[in-house]
Amino acid sequence: MKSGRTLANLAQELERQLATKRDLVVPSSLLQCLTDEGGDLKMIVDANGCDGVYGITNLARRQLADKLKIPFTYFERMRTEQPGLLDRNVNTWLQGDQEPRMIRTLDGQVRAVLSDRYRRLDNYDLAENVLPILQRLPETRFESVELTETKMYVKVVTPRVAYEIAPGDIVQAGIVITNSEVGHGTLSVQPLVYRLVCRNGLIASDRALRKTHVGRTLHSEDESITVFRDDTLAADDKAFFLKVRDVVEAAVSEATFRQVAQKMQKTLDIKLTGDPVKTVEVLANRYTLNESERAGVLRQLIAQGDLSAYGLVNAVTHFSHDVEDYDRATEFEALGGKLIELPSSDWKEMAEAA
């Protein structure tokens, strides 16, 4: 499992962000973009009492292009080569669009351009409600926590619940909680399997609790702009956090964890009888791995010397240690969870690839 920051550092950063972030719900016609000759794009909010000039992140540029139905590659080409043309395109479409947008800002930057129906489930509120639940688990160990540009991750292990896959090969139960404040996925609570021998994490996504960031419209017809405080929607979240508590307790229960661990154990009996290179090639094509990732998984498979489906699952999850981007590393942990759910026909295709 890829290492992240310390829990104390996560708490400090969430506190810092709480003080500087700001959310606006604005009619599109009150937004303007201005791009300088160097391609630096600014977003201008033109509304009484809420005027502001903001930088805009790569993700927010992509979301803006998507909202205006401008292909992102063309959007970026205009930004770097013809900034005036970009401004004319973007501002023309914004001025003719009365649909309200939620503009999420942090540190003077627009970090997300979202629908006014976007339901905020913020990282600070989530941590405040969920960390006490996790800390009540037996012998809680925060194995990895991180805050990226798009998501927050909290990965916790409780050694009290364990299973022996093979002699000396012990896995422990855990939980991974992820959330995005910028429209990059649902809030989810998923079981985590932690393998002691190589510190691999596998995310069992088939048993996840998810909550989408969609809610009611966040303004009335006579409002031109709305600014929301962080506690505005807090009461609505209470029922959901009770569900989180129940799912956390269920995920680390002996019965639930045993079911997931036994699915891993069954992959021991599936032998990779074909060409390992072709096996990884089939895997890469099915799950869209690039050349570097394909080579990394193959390297792990050969290094471990276990030519079984179990060996391939562990090669995938162990490769996450080598992935620089934390978001992508977590996707490899989730890929391990997808593999243990594969039907025998799909495993046959990979195992016999030649």
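Residues numbered from 1 in each chain as written. Predicted model: local features only at pLDDT ≥ 70, side-chain atom pairs only at ≥ 80, totals over all residues. Heavy atoms only, no water.

A.B. asks: Go over the overall build of the protein chain, please, and point to the residues and values.
C.D. replies: Each helix and strand counted, the protein chain has twelve helices and 13 strands in total. For the protein chain, the proportion of its 354 residues judged to be buried stands at 52%. Counting only contacts in the protein chain whose residues sit at least 6 apart along the sequence, the fraction spanning at least 24 positions is 64%. (Helix = DSSP H or I, 4+ residues; strand = E, 2+ residues; numbered from the N terminus. Buried < 20%, exposed > 50% of the residue type's maximum accessible area, 1.4 Å probe, protein only. Contact = heavy atoms within 4.5 Å.)

A.B. asks: Lay out unusual backbone geometry in plain terms, naming residues and giving numbers.
C.D. replies: Backbone geometry at Asp107 places phi at a positive 55 degrees, although glycine is not the residue there. Following the sequence through the fold, Asp107 ends up in the loop between β5 (100-106) and β6 (109-115). Of note in this structure, Glu139 is not a glycine but carries a positive phi near 55 degrees.

A.B. asks: Kindly report on the packing of aromatic side chains, identifying the contributing residues and their values.
C.D. replies: Throughout the structure, instances matching the rule amount to three aromatic pairs. For the ring pair Phe72 and Phe75, a centre distance of 6.1 Å and an interplane angle of 20 degrees mean the geometry is stacked. Remark: Phe75 and Phe72 occur in helix α3 (residues 72-81); sequence separation between them is three residues, near one turn of the helix. The pair Phe72 / Phe75 is uniform in exposure class, with both members buried. For the ring pair Phe319 and Phe332, a centre distance of 5.1 Å and an interplane angle of 75 degrees mean the geometry is edge-to-face. (Phe/Tyr/Trp six-rings, centres within 6.5 Å; stacked < 30°, edge-to-face > 60°.)

A.B. asks: Tell me about the nonpolar core, and name the residues and values.
C.D. replies: The tendency in soluble globular proteins is for nonpolar side chains to be buried side by side. With 64 residues, the main nonpolar core has Leu134, Val297, Leu312 and Leu339 as its most contacted residues. Residue contributions to this core peak at seven residues, all from helix α10 (residues 309-319). By size, the runner-up hydrophobic cluster in this structure holds 23 residues, among which are Val45, Ala60, Met78 and Leu94. (Core = buried A, V, L, I, M, F, W, Y, C linked by side-chain atoms within 4.5 Å.)

A.B. asks: Can you lay out helix α6 (residues 238-251) for me, pointing to particular residues and giving the numbers?
C.D. replies: With 14 residues, α6 should reach 20 Å at 1.5 Å per residue; the first-to-last C-alpha distance of 20 Å fits that figure. The set of residues buried in α6 consists of Phe240, Phe241, Val244, Val248 and Ala251. Seen from one end, α6 has its buried residues packed into an arc of 95 degrees, which puts them on one side. Among the exposed residues of α6, those oriented more than 90 degrees off its buried face are Lys238 and Lys243. (Expected span 1.5 Å × (residues − 1). Arc of directions from axis to C-beta.)

A.B. asks: An account of the confidence of the model for the protein chain is requested, with residue identities and associated values reported.
C.D. replies: In this model, the protein chain carries a mean pLDDT of 88, and residues with pLDDT of at least 70 account for 90%. Looking over the protein chain, one finds the lowest element-wise mean pLDDT in strand β13 (residues 226-227), namely 43, and the highest in α3, namely 97. Under a pLDDT of 50 for its full length, residues 214-230 has, in the predicted model, 44 contacts with residues more than four places off or in other chains. (pLDDT = per-residue confidence, 0-100.)

A.B. asks: Help me get a handle on the pairing of strand β2 (residues 31-35), residues and values and all.
C.D. replies: By the alternation rule, side chains of β2 split into Leu31, Cys33 and Thr35, which are all buried, and Gln32 and Leu34, of which none is buried. Hairpin connection of β2 to strand β3 (residues 41-45): five residues between the antiparallel strands, including Gly39 at a positive phi of 85 degrees. (Pairing = 2+ DSSP bridges.)

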